[in-house]
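Each chain is listed here by its residues.
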Amino acid sequence: MDRILQFNVSLYSYTPQGAEQLYKQAEMIYYRLRLYQILKTKETLSVDELKSELGDNPLKHLLDVEDNAEVRLARHLDYLSHWTLKIAYSNQQPMFFMKCELRWFKTRFNNMSHDQRMEFIKKNNLNLTPATDTEKSNLKLWGQNWYKFNFTEVTLLVKLRLYPMYKGFIFIPEHKLVFWLTEKLQKQLQSSLVHCRKMLPSTCDQLNMLINTFELVQPYSDTTSRSFKLCDLKKNVEHFPLCMKFQYENLEKKHHLKHFSRVQYGLFLKGLGLSLEEALKMWKTEFTKKMSERCFQKEYSYFFKHQYGTVGSKIKYKAQCCDTILEQSVPSGFVHGCPFKHWDASVLSVRLREDDVCDEDVRKILGLKQREQYRAACTTYFQSVCGCKLDDVIDHPVKYYDKSCSSIVDIEDLVLSDED
RNA sequence: GGCGGC
DNA sequence: GCCGCCAACATA
Ligand code: SF4
């Protein structure tokens, strides 16, 4: 703990021990979320600007250079709130959390004095290898101190190719050491987030409840950017991959879908940008053709709300990828899963012909199916149906949809350019 | 559909 | 019988 209070930055390596007062915790969450909000809205900020944006937020003291009681208190607050929010975000938007934290670290580290920085590195047992004299003269490294790193430690700088590289090593001047540290922090956070997520069910209820009372700051442009209107569902079904087209058809025909289909198809439509309101409308109009509205509300509506993350744990579920769909078991009588895997070859080939897949492609698809290359089979199906090539194998239904839509655009372009 | 609560 | 909660993860 002493080491934590010694610097304005930290790698947050150790789980904090000892419980804080609940109101104290709430306060900490609040302050850190305010920090995230700023980082999200202002892409670039100087230290001074950030400080003034923070206003009365105690975290602003981590941008101070001096060291007093107030600053130490802020460091403590920083450490604990980092962990609470890590737990909170581990389930929701880990990437967003990561981005905020890395930027926050970088800003603070850059703001520290030279001595503090080197001391921080030393105290955290991070080994620096200074460039030797011969290396310096060979690679013409003048001026200040240069350090030697393995490529894997500073991949970003390696990519930029700004500094001398030699046999798997790169040499970096002292004032660029942040890049090394942020990458270290990034790796640590990655595994820590995974760990937190696994532990989430067993974290104490008090903490969970507390977290839930806060509205976590969400990144821009996730589901918000995309939108899919129910009214043009019909005309877009042609762009759906076979697995989803089949869900659509069954829903139309039977006015019902079983549980796993609801998961698969519901998340897919959500992935396309269908709003919760419209989704509920869709399921309701279909389902109530065979059941009372009251029954729908009681049996099914909660499910879809949960799917959209508006109730319960408020998890923002993403659409299933092909691998998940392929792994499902599909007992007879169920319609979910991937046609290229779960359908009988004869059933599949009938369907393929119905969709005007040429004989050659039908054979190819069935061959791929036999060799368990289901996604490749799907890709072939795509090429046959859309009449255009793909450079990658399909690995996600939503991607299939996007590519199918843009393939139409391609063809329109072709037609247009043909005309003049 | 599964789990859980009354 | 009433009710609540869960699943996912590509992605430039
Ligand atoms: S490969 Fe993927 S997208 Fe294609 S049908 Fe199967 S699950 Fe659907």
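Residues numbered from 1 in each chain as written. Chains lettered and ligands numbered in written order. Predicted model: local features only at pLDDT ≥ 70, side-chain atom pairs only at ≥ 80, totals over all residues. Heavy atoms only, no water.

As annotated in an unreviewed UniProt entry, chain A carries the name DNA primase large subunit C-terminal domain-containing protein and comes from Zophobas morio. Here chain A is described in UniProt, under the heading Cofactor (unreviewed entry), as follows: "[4Fe-4S] cluster". (UniProt positions renumbered as here; feature names shortened; annotations may be inferred.)

Trainee: Any chance you could break down the sheet that holds strand S4 (residues 169-173) for me, citing the residues and the numbers?
Mentor: Spatial strand order, S1-S2-S4-S3: 4 strands in an open sheet with antiparallel pairing. Edge strands, defined here as strands with exactly one partner in the open sheet, are strand S1 (129-130) and strand S3 (165-166). (Pairing = 2+ DSSP bridges. Helix = DSSP H or I, 4+ residues; strand = E, 2+ residues; numbered from the N terminus.)

Trainee: An account of a positive patch on the surface is needed here, citing residue identities and associated values.
Mentor: A cluster of like positive charges, contributed by Lys253, Lys254, Lys258 and Lys290, occupies part of the molecular surface. By the secondary structure assignment, lysine 254 is in helix H12 (residues 242-254). (Patch = residues over 30% accessible without salt bridge, like charges linked within 9 Å, V, L, I, M, F, W, Y side chains within 5 Å. Areas by Shrake-Rupley, 256 points an atom, 1.4 Å probe, with all protein chains shown as cover. Salt bridge = Lys/Arg side-chain N within 4 Å of Asp/Glu carboxyl O. Lys, Arg positive; Asp, Glu negative; His and termini not counted. Charge placed at Lys NZ, Arg CZ, Asp CG, Glu CD.)

Trainee: Break down the site of the ligand for me, citing the residues and quoting the values.
Mentor: With respect to spatial proximity, the complete set of residues near the ligand consists of Pro241, Cys243, Cys322, Ile325, Cys338, Pro339, Phe340, Cys378, Ile394 and Pro397. Contributing elements (two or more residues each) for the shell around the ligand: helix H16 (322-327) and helix H17 (339-342). Taken together, the residues that form the shell around the ligand break down as 10 nonpolar, no polar and no charged. (Near = heavy atom within 4 Å. Nonpolar A, V, L, I, M, F, W, Y, C, P; charged D, E, K, R; others polar.)

Trainee: Would you mind going over the confidence of the model for chain A in detail, with residue names and values included?
Mentor: Mean pLDDT over chain A stands at 90; residues scoring 70 or higher make up 95%. The secondary structure element of chain A with the lowest average pLDDT is helix H21 (residues 397-419), at 73, and the one with the highest is H17, at 98. Predicted complex metrics record ipTM = 0.94 and pTM = 0.64. (pLDDT = per-residue confidence, 0-100.)

Trainee: Lay out the packing of aromatic side chains with the relevant residues and their values.
Mentor: Any aromatic ring pair is given by two values, namely how distant the centres are and how the planes are angled relative to each other. Summed over the entire model, instances satisfying the criterion amount to 26 aromatic pairs. Summarising the aromatic geometry, the rings of phenylalanine 287 and tyrosine 300 are spaced 5.1 Å apart at their centres and angled 85 degrees between planes, so their arrangement reads as edge-to-face. One end of the pair, phenylalanine 287, is in helix H14 (residues 276-287); the other, tyrosine 300, is in helix H15 (residues 293-307), with 13 residues separating them in the sequence. Three or more aromatic residues joined by ring pairs make a cluster, and in this case those are Tyr265, Trp283, Phe287, Phe296, Tyr300, Phe303 and Phe304. Arginine 262 extends its terminal NZ or CZ atom over the ring of phenylalanine 303, reaching a point 5.5 Å from the ring centre. Directly above the aromatic system of tyrosine 308 lies the positively charged group of lysine 270, at a separation of 5.5 Å from the ring centroid. (Phe/Tyr/Trp six-rings, centres within 6.5 Å; stacked < 30°, edge-to-face > 60°. Lys NZ or Arg CZ within 6 Å of the ring centre and 35° of its normal.)

Trainee: Summarise the pattern of salt bridges; cite the residues concerned and give the values.
Mentor: Opposite charge on two side chains lets them pair, provided their charged atoms get close. Going through the model one piece at a time under the given rule, you end up with 21 salt bridges. A salt bridge links aspartate 78 to arginine 32; the nearest nitrogen and oxygen atoms lie 2.9 Å apart. Note that aspartate 78 is positioned in helix H4 (residues 69-90) and arginine 32 in helix H2 (residues 22-41), a separation of 46 residues in sequence. According to the relative accessible area criterion, aspartate 78 is buried, its value standing at 2%. Lysine 235 is paired through a salt bridge with aspartate 232; the nearest N and O atoms lie 3.6 Å apart. Among the residues examined, aspartate 232 registers a relative accessible area of 22% and is labelled partly exposed. Sharing partners across several salt bridges, the network here consists of Arg32, Asp78, Glu101 and Arg108. (Buried < 20%, exposed > 50% of the residue type's maximum accessible area, 1.4 Å probe, protein only.)

Trainee: Mind laying out helix H18 (residues 345-354), listing which residues take part and the relevant values?
Mentor: All of the buried residues in H18 are Leu348, Ser349, Arg351 and Leu352. The buried residues of H18 occupy an angular sector of 160 degrees when projected down its axis, which confines them to one face. Those residues of H18 that are buried are in contact with H12, H17, helix H19 (359-370) and helix H20 (374-386). Following H18 by one or two positions, aspartate 356 adopts a phi angle in the positive range, close to 60 degrees. (Arc of directions from axis to C-beta. Contact = heavy atoms within 4.5 Å.)

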